[in-house]
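Coordinate analysis (summary)
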Amino acid sequence: MSEPDGINIADEVVRLISVADRQLRTTYSRLTPWQKTQVARHPDRPKAKDYIEKLITDFTPLAGDRAFADDAAVLGGMGRFRGRPVMVLGTEKGTDTESRVKHNFGMARPEGYRKARRLIELAGRFKLPILTFIDTAGAFPGIEAEARGQAEAIARSIEACLEAPVPVIATIIGEGGSGGAIALAAGDIVLMLEHAVYSVISPEGCASILWRDATQASVAAEALRLTAEDLLRLKLIDQIVPEPLGGAQRDKTATLYAVGLAIQEALSNLNGTDAATLRQRRREKFLAMGRETIG
Amino acid sequence: MNWLTEYVRPKIRTLFALSSVPDNLWRQCPSCQQMLFHRDLTANLKVCSHCGHHMRADSTERLDWTFDENTYTRIELPRPVADPLRFRDTKRYADRLKDAREKTHTEDAITVAHGTIGGQKAVVAVMEFNFIGGSMGAAVGDAIVAAARLAVLQHVPLIIFTASGGARMQEGAISLMQMPRTVIATRMVKDAGLPFIVVLTDPTTGGVTASFAMLGDIQIAEPGAMIGFAGARVIEQTVREKLPEGFQRAEYLLEHGIIDMVVKRTEMQATLARVIGLLMQQEPKAAA
């Protein structure tokens, strides 16, 4: 493999790979909040569907809000996690044009949140722990969504999470967009992937309102403190799940494995806790998210 | 300074000074443009006597209109945390807070008081839209939790008058967490067997609508109030359709089954008294 000018290609490739690796490591160790937002929205990142396929066996999808429609933006159903029956909910963005349109880019309508509420209540009756996977830009802002009570549907979904007599483990896997995310994330344990973001408003939305200039999104992303590290420091989430080098999109298997492990640990920590205690602790946790944690 | 300010203005001033008319005697209705005499307007609870338009009101006016004989006791709220994220957009959040406090004479976007409505005790929280758009941050969350606790302690209904643009962006995800936090507050009131009544006033949107403001046992709105989750502009940009006439107005929500009733401001106190009477009658503890 030696070239006449003395360069050994094999050695050179090894050297370059290690340089690239090092570069990736340094780049990803100091991503700005705006860069993290881009990673969190990466089209190749594992989606809710991937988590369900990989972590849940016997998955039995359940559809509909019993009132208007089935919302494909919210996946829901029963299945087994490590052999144990659970209820699963996830906001699904889709992976190609067709599936993105089908899932409405992960933006749920009222029927999606009403389905979530129905399944959370069902899980409660049959003592199934609830696992949620959150990846959404937010609830769908549309005429029909408003006409059918988008705000009420979100409020009731939050309430259902808070009232559930069973463990609720929420994982922010990509974008945790505002009310549409918290609707499924008011859980006992909230996990967040290392490069996921979780925010009250998108950086673009915030920039266009407060700076009156959407191009200030990177500045807004910084100001909003939307990274997993920030949220953990503010005690608004419970645990960060580390991602493979270069982000979840580079190694789906490793990501799904790490999330599975974190969920398993979270569930075993809550094992045997009675309904009243669970609910009480969950309330106390969220009630403390005011001055007590910030001050 | 030029010849206009130095020379002409004093002359105009002297002309006007003759009648010594305060400039706030008349107010134009933003809806029908009619000029309204301030005393009539005050007597009519800031409702236009020509077209029935309900003008926005501040928290003091609301409390005056709601409790019997304008009598109530404000409760001291926990002092808000100044600026948890040291947020700065075109202006520092700390400065926005300071300006808002000076402008509204309230500590944050909400006031809580207790007193009687039609002789029945109640706790009332009123949001202040003039305070950073009535946005909900930790302080508003604190106040709603405090109001709920007080209602439970006194064993009386909780009434919240909403007026808010939504979550307070300057508090980032902390403001988002006020959604579950205030939902818990509503549960505390309901778990104690007490009524939670929401009065939606203009405007109520975003994270406030999508949390405690849609969870009332009874949902009341003022006529014409703008109430919704997403802002009209965002919806227009997303769906690229023209919004229907009256979209997201109180009457639209009534028609779509989202609220119980639209009540005129002049009938609000009587309605609240009636609703409380009916609901508390079924509550054995209240009879004692």
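Keep in mind that this is a model prediction, so the values were computed, not measured.

Tallying secondary structure elements over chain B gives 12 helices and 9 strands in all. In chain B, once contacts between residues fewer than 6 apart in sequence are set aside, the share between residues at least 24 apart is 66%. If you sum the accessible surface of chain B, you get close to 13,600 Å²; carbon and sulfur atoms cover 52% of it.

Between helix 13 (residues 275-287) of chain A and helix 7 (residues 178-191) of chain B, the least distance of the axes is 9 Å, while the angle of their chain directions is 130°. Judged by the inter-axis angle, helix 13 of chain A sits oblique to helix 7 of chain B. For the pair helix 13 of chain A and helix 7 of chain B, the crossing hand works out as left-handed. In contact with Arg283, Phe286 and Leu287 of chain A of helix 13 of chain A, helix 7 of chain B contributes Pro180, Arg181, Ile184, Arg187, Met188 and Asp191 of chain B. A class-by-class count of the residues in the contact of helix 13 of chain A with helix 7 of chain B yields 5 nonpolar, no polar and 4 charged.

Before going further, it helps to spend a moment on the sheet that holds strand 9 (residues 261-262) of chain B. Residue and element names in this part refer to chain B. Sheet architecture is open: 7 strands sit in the order 3-4-5-6-7-8-9, paired in mixed fashion. At either end of the open sheet lies a strand with only one pairing partner, and these are strand 3 (72-74) and strand 9. The pairing of strand 8 (residues 218-221) with strand 9 spans 2 bridges and is parallel. In the sheet register, isoleucine 220 faces strand 9, and the bridge partner there is methionine 261.

The subject of this paragraph is the packing of aromatic side chains. The full count for this structure, using the stated rule, is 5 aromatic pairs over all chains. The interplanar angle of 55° and the centroid separation of 6.3 Å between the aromatic rings of tryptophan 211 of chain A and phenylalanine 87 of chain B together place this pair among those described as tilted. With tryptophan 211 of chain A in helix 9 (residues 203-211) and phenylalanine 87 of chain B in the loop between strand 3 and helix 4 (93-104), this residue pair bridges two chains. Over the ring of phenylalanine 140 of chain A we find arginine 109 of chain A; its NZ or CZ atom is 4.6 Å from the centre of that ring. We note arginine 56 of chain B situated over the ring of phenylalanine 129 of chain B; from NZ or CZ to the ring centre the distance is 4.6 Å.

With 54 residues of chain B in contact, the opposing surface of chain A contributes 44 residues. Roughly 4,200 Å² of surface becomes buried between chain B and chain A when both sides are summed, with 74% attributable to carbon and sulfur atoms. Its salt-bridge partner being arginine 187 of chain B, residue glutamate 159 of chain A comes within 3.0 Å of it at the nearest N-O pair. Where chain B packs against chain A, one counts 9 residue pairs in polar contact (both at pLDDT 80 or more). Secondary-structure elements contributing two or more residues to the side of chain B that touches chain A are helix 5 (138-154), helix 6 (172-176), helix 7 and helix 9 (232-239) of chain B. Among the elements that make up the side of chain B that touches chain A, the one with the highest residue count is helix 7 of chain B (10 residues). Class assignment of the residues belonging to the side of chain B that touches chain A gives a composition of 32 nonpolar, 11 polar and 11 charged.

Cut-offs used in this document
Residues numbered from 1 in each chain as written. Chains lettered and ligands numbered in written order. Predicted model: local features only at pLDDT ≥ 70, side-chain atom pairs only at ≥ 80, totals over all residues. Heavy atoms only, no water. Helix = DSSP H or I, 4+ residues; strand = E, 2+ residues; numbered from the N terminus. Contact = heavy atoms within 4.5 Å. Areas by Shrake-Rupley, 256 points an atom, 1.4 Å probe, with all protein chains shown as cover. Axes fitted to C-alpha atoms, helices over the stretch in contact; angles between N-to-C directions. Parallel < 35°, antiparallel > 145°, perpendicular 65-115°, else oblique. Left-handed = near helix turned anticlockwise from the far one by under 90°. Nonpolar A, V, L, I, M, F, W, Y, C, P; charged D, E, K, R; others polar. Pairing = 2+ DSSP bridges. Phe/Tyr/Trp six-rings, centres within 6.5 Å; stacked < 30°, edge-to-face > 60°. Lys NZ or Arg CZ within 6 Å of the ring centre and 35° of its normal. Buried area = accessible area lost by both parts, 1.4 Å probe. Salt bridge = Lys/Arg side-chain N within 4 Å of Asp/Glu carboxyl O. Polar contact = N/O pair within 3.5 Å; in protein donor to acceptor, adjacent residues only side chain to side chain.

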